[in-house]
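Each chain, letter by letter, is given below.
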Amino acid sequence: MPHIVMESIIKSYGDVRVLDGCSLSVEKGQVMTLLGPSGCGKTTLLRTLAGFVEPDAGRVLVGGIDITALPPNRRSVGYVFQNYALFPHLTVAENVAYGLKVRRRPGPEIKDRVARALDIVSLGPLGDRYPAQLSGGQQQRVAIARVLVLEPDVLLLDEPFNALDAKLRLSMQTELRKLIERLGITSIFVTHDQSEAMMLSDQVAVMRAGTFEQVAPPLAIYDRPANPFVATFIGRANILPVGLRAGAVVDFPAVVAERPDGPADLIVRPENLTLAAGRIDPGTGQSGPPGTVLFAIAQGPTIEYEVDAGFPEPLRVTVNRRSGEVPLAAGSPVSIGVIDPAACRVIERGTP
Amino acid sequence: MKAMTWSDRLWTALFVLLAGFALLLLVAPSLVVIAISFEPRAYISFPPSGFSLKWYQSLLQNRQLTDSIWVSLTISVYVALIGLVLGVPAAFAAVRGTFPGKASLNAFLLSPQMMPGMVIGIASLFFGAYFAFRASNAMLVAALSVFCLPFVIRITMARLAGLDPRLDEASANLGAGKLETFARVTLPQLGPALLAAGAFTFIEAFDNVTVALFTSDVRGRPLPVELYYLVQNDSTPAIAAISAIEIGLSFLVMLVVARTVGLERLGR
Ligand SMILES: Nc1ncnc2c1ncn2[C@@H]1O[C@H](COP(=O)(O)OP(=O)(O)O)[C@@H](O)[C@H]1O
Ligand SMILES: [Mg+2]
């Protein structure tokens, strides 16, 4: 039985339906990421789990127990706020001790557990500082220690790395992932950064406008995106209007589809395409349509091409670059090939 | 920095002059009063003809006056406390509450400040008379509390509005109930503002004449009323001496507030 279950959560503010029937389950000890563009309802969903938002309909269960009606202070759900929300009038140690004091734990125990929690996030020596005297990364670690010290069943983090610079972010991401793995706390992250989602999570839930578009492990989402929205939100993708005949795509005969003949959309990632100069099969044995190079840019290990292959939008092709290789000039005739036809997705025409 | 042109300099000079003049207008009377209080002769003159503390001594011997200082101090403490006890929850409702008619309630709570103190004084007197209450210092405390409530509410509201509501949520998330969150998170951050509000109310209650004139006790008058009657039949520098003491007292309170909270908090 999953550790966290959210059942058809609905929440509206005025006329705006912010959560439109969200259902989600997370296994014990797993890390789930909510990924989606700004304003799609990620924070609201997280706040529903923490009890700050009362859903109009739906249920929230943790460990099989319905907590929908439970006030926030009676839930064992740690929440790391987007801006950390540290108490400015308390020192780092007092911030971390807060939940234990509220629980009326004995003084020596509090001291002990606070010291251990600060050690876990490598803030041992900074216990006497005030939040304003800390860097963004240190503040974040205080916020994490403040909830971890209570050993919650569930850990929720709302865009925890947003305020950090790129370098610090990477190290914090790996640190946090290790920490969560070690403590085995079921966690839900919010992010709008796809690489963060790929890196941190066991499962990714891609959200759009208050609903889930796809919930799956990160690589499964990358390899088999459910629709163009997911395909373009995670990684890049060509969405091509194509025709189907006899169970195969007309322009890319190697790509088969179990769909009726007629119009369809083909999702194919740029790195799953290749090209060769001239009008010859580019060697994959999976030939596609001929085209003309519109634009090319070499990026060290790869070359990014934009090719006019008769589709409404230029086709994007990423090829590996051999040492010394120069990109083909604009206007060069090329042939397009698919590397792995099984990694292409054929979907109904016009799916958003 | 760019060199100042002549017109820039002219404007700056003019501005400094004007500011200096305004400051002079505000401060000069106080300084004159303080100077006069040291006059050794029995009538008011400026500049003083010498230096003496005899009028300060005479104040100490005037039982009626020393009593009235005590009355005023007591009244001011009561008014400040009542103001805080009523004003802080009201400010909470005004900032955090969500209920119909919130805007009108705000306007109602702040309205005593728009009214002249005299009106409040007379209204209290009539209101009291209706219930057969005679003017008394208890009535004065009640009337002044109404009059001063907006100070407390406004200062507290300004600070409350500046607090991050996320902190309350964080506190709840860490297990604290509403009361505990108030005691551990909100109140400590509100502290300086409450001190400022209390000090402000105290000063206002201490030197208010307009409300006190109508509602205070006939015996045991508060200081401002006592002074008011004193100036009518006395014109010795004793008046200046007591004023100087009041000026000094206000200055002291403001100094304490400035040191502990910062004066800019009061303005907001
Ligand atoms: N308390 C609220 N009152 C009104 N609208 C809200 C409230 N909270 C969120 N919203 C709206 O709900 C939508 C989703 O917000 P949010 O969950 O914060 O999105 P995300 O975290 O994905 O960026 C936004 O359009 C936001 O304006
Ligand atoms: Mg958000």
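Residues numbered from 1 in each chain as written. Chains lettered and ligands numbered in written order. Predicted model: local features only at pLDDT ≥ 70, side-chain atom pairs only at ≥ 80, totals over all residues. Heavy atoms only, no water.

**A few points about the overall build of chain A**
The criterion, for reference: Each helix is a run of DSSP H or I of at least 4 residues and each strand a run of E of at least 2, with the numbering of both proceeding from the N terminus. Exposure is judged per residue with a 1.4 Å probe applied to protein chains only, and the accessible area is read against the type maximum: over 50% gives exposed, under 20% gives buried, and values in between give partly exposed. Two residues qualify as a contact provided that any one of their heavy atoms is within 4.5 Å of a heavy atom in the partner residue. Methods summary: accessible areas were calculated by the Shrake-Rupley approach with a probe of 1.4 Å, and residue burial reflects only the protein chains presented. Under the counting rule used here, the positive set is Lys and Arg, the negative set is Asp and Glu, and His together with the chain ends is not counted. By convention, charge coordinates are those of NZ in Lys, CZ in Arg, CG in Asp, or CD in Glu.
Scanning chain A for helices and strands turns up eight helices and 19 strands. Its C-alpha atoms give chain A principal-axis dimensions of about 80 × 50 × 35 Å. When each of the 352 residues of chain A is scored for burial, the buried share is 50%. Put simply, of all contacts in chain A between residues at least 6 apart along the chain, 66% involve residues at least 24 apart. Total accessible area on chain A is roughly 15700 Å²; 52% of this is exposed by carbon and sulfur atoms. Of note, chain A has its 35 positive side-chain charges centred 6 Å away from the centre of its 37 negative side-chain charges.

**Observations concerning the interface of chain B and chain A**
Note on interface size: it is often stated as the accessible area lost on association of the parts. As a reminder of what qualifies: Two parts placed together each lose some accessible area; with a 1.4 Å probe, that loss summed over both constitutes the buried area. When a carboxyl oxygen of Asp or Glu lies within 4 Å of a side-chain nitrogen of Lys or Arg, that pair is called a salt bridge. Polar contacts, as used here, are pairs of N or O atoms within 3.5 Å; protein pairs need one atom able to donate a hydrogen and one able to accept it. Residues neighboring in sequence count only if both atoms are side-chain atoms.
Listed per partner, the contact involves 18 residues of chain B and 24 residues of chain A. Counting the surface lost from both chain B and chain A, the interface buries some 1800 Å², and carbon and sulfur atoms represent 58% of this. Three residues, N173, L174 and R184 of chain B, lead the burial of chain B against chain A; their summed loss comes to 41% of the area buried on that side. Run the count over chain B and chain A and you get two salt bridges. The salt bridge involving E169 of chain B is made with R47 of chain A; its shortest N-O contact spans 2.7 Å. Viewed at the interface, chain A and chain B are joined by seven residue pairs in polar contact (both at pLDDT 80 or more). Here the side of chain B that touches chain A takes seven residues from helix α7 (residues 165-173) of chain B, the largest share from any one element.

**Observations regarding the sheet that holds strand β19 (residues 345-348) of chain A**
All names here are of chain A. Test applied: Paired strands, in this sense, are two strands between which DSSP finds at least two bridges.
Across the sheet, which stays open at both edges, the four strands sit in the order β12-β11-β13-β19 with antiparallel pairing between neighbours. The open sheet has two edge strands, β12 (248-249) and β19, and neither has a second partner. As defined by bridge partners, strand β13 (residues 262-268) adjoins β19 across four bridges and the pair is classed as antiparallel. Each residue of the ladder has a partner; that of L266, found in β19, is V346.

**Details of the nonpolar core**
Residue and element names in this part refer to chain A. As a reminder of what qualifies: As used here, the term nonpolar core means buried Ala, Val, Leu, Ile, Met, Phe, Trp, Tyr and Cys residues forming a set that is joined through side-chain atoms within 4.5 Å.
Residues L34, L156 and I188 are the most contacted members of the largest nonpolar core, which totals 74 residues. When near neighbours in sequence (up to four residues on either side) are disregarded, I188 contacts I4, V26, M32, L34, L46, L49, L155, L156 and L157. With 26 residues, the next largest nonpolar core counts V249, V268, L275 and V346 among its residues.

**Section: helix α3 (residues 107-120) of chain A**
Residues and elements named next belong to chain A. This is how it is decided: Here the expected length of a helix is defined as 1.5 Å per residue gap, with one fewer gap than residues. The arc under discussion is defined with respect to the helix axis, by the directions toward the C-beta atoms.
Compared with an ideal rise of 1.5 Å per residue, which puts 14 residues at 20 Å, α3 spans 20 Å between its outermost C-alpha atoms and is within 8% of the ideal. Buried within α3 we find I110, R113, V114, A117 and L118. Buried residues in α3, looked at end-on, bunch into an arc of 135°, giving them a common side. Exposed residues lying more than 90 degrees from the buried face of α3 are P108, K111, R116 and D119. Structurally, α3 contributes buried residues whose contacts are with α2 (92-102) and α4 (136-148). After α3 finishes, the residue S122 shows a positive phi value of roughly 55°.

**Examining the UniProt feature "domain: ABC transporter" (unreviewed entry) in chain A**
Note the threshold: UniProt positions are given in the numbering used here, feature names are shortened, and annotations may be inferred rather than shown by experiment.
According to UniProt, the "domain: ABC transporter" (unreviewed entry) feature falls on residues 4-234 of chain A. Spanning residues 4-234 of chain A, this segment combines 36% helix with 26% strand, and its end C-alpha atoms are found 25 Å apart.

**As for the layout of surface pockets**
Residue and element names in this part refer to chain B. Applied cut-off: The way it works is a 1 Å grid over only the protein atoms, where trapped points that fit a 1.4 Å probe form a cavity and open points with protein on both sides within 12 Å along at least five of seven lines form a pocket, and then any residue with an atom within 4 Å of a point lines it. Grid points are joined across faces, edges and corners, and a volume is the space filled by probe spheres set on the points. Amino acids are sorted into nonpolar (Ala, Val, Leu, Ile, Met, Phe, Trp, Tyr, Cys and Pro), charged (Asp, Glu, Lys and Arg) and polar (every other residue, Gly among them).
Estimated volume of the largest pocket: approximately 580 Å³. Along the walls of the largest pocket sit 18 residues, with P165, D168, E169, A172 and K178 positioned nearest its centre. Secondary structure elements with two or more residues in the lining of the largest pocket: α3 (63-96), α7 and α8 (178-207). Of all the elements, α7 adds the most residues to the lining of the largest pocket, at five residues. Residues that form the lining of the largest pocket fall into these classes: seven nonpolar, five polar and six charged.

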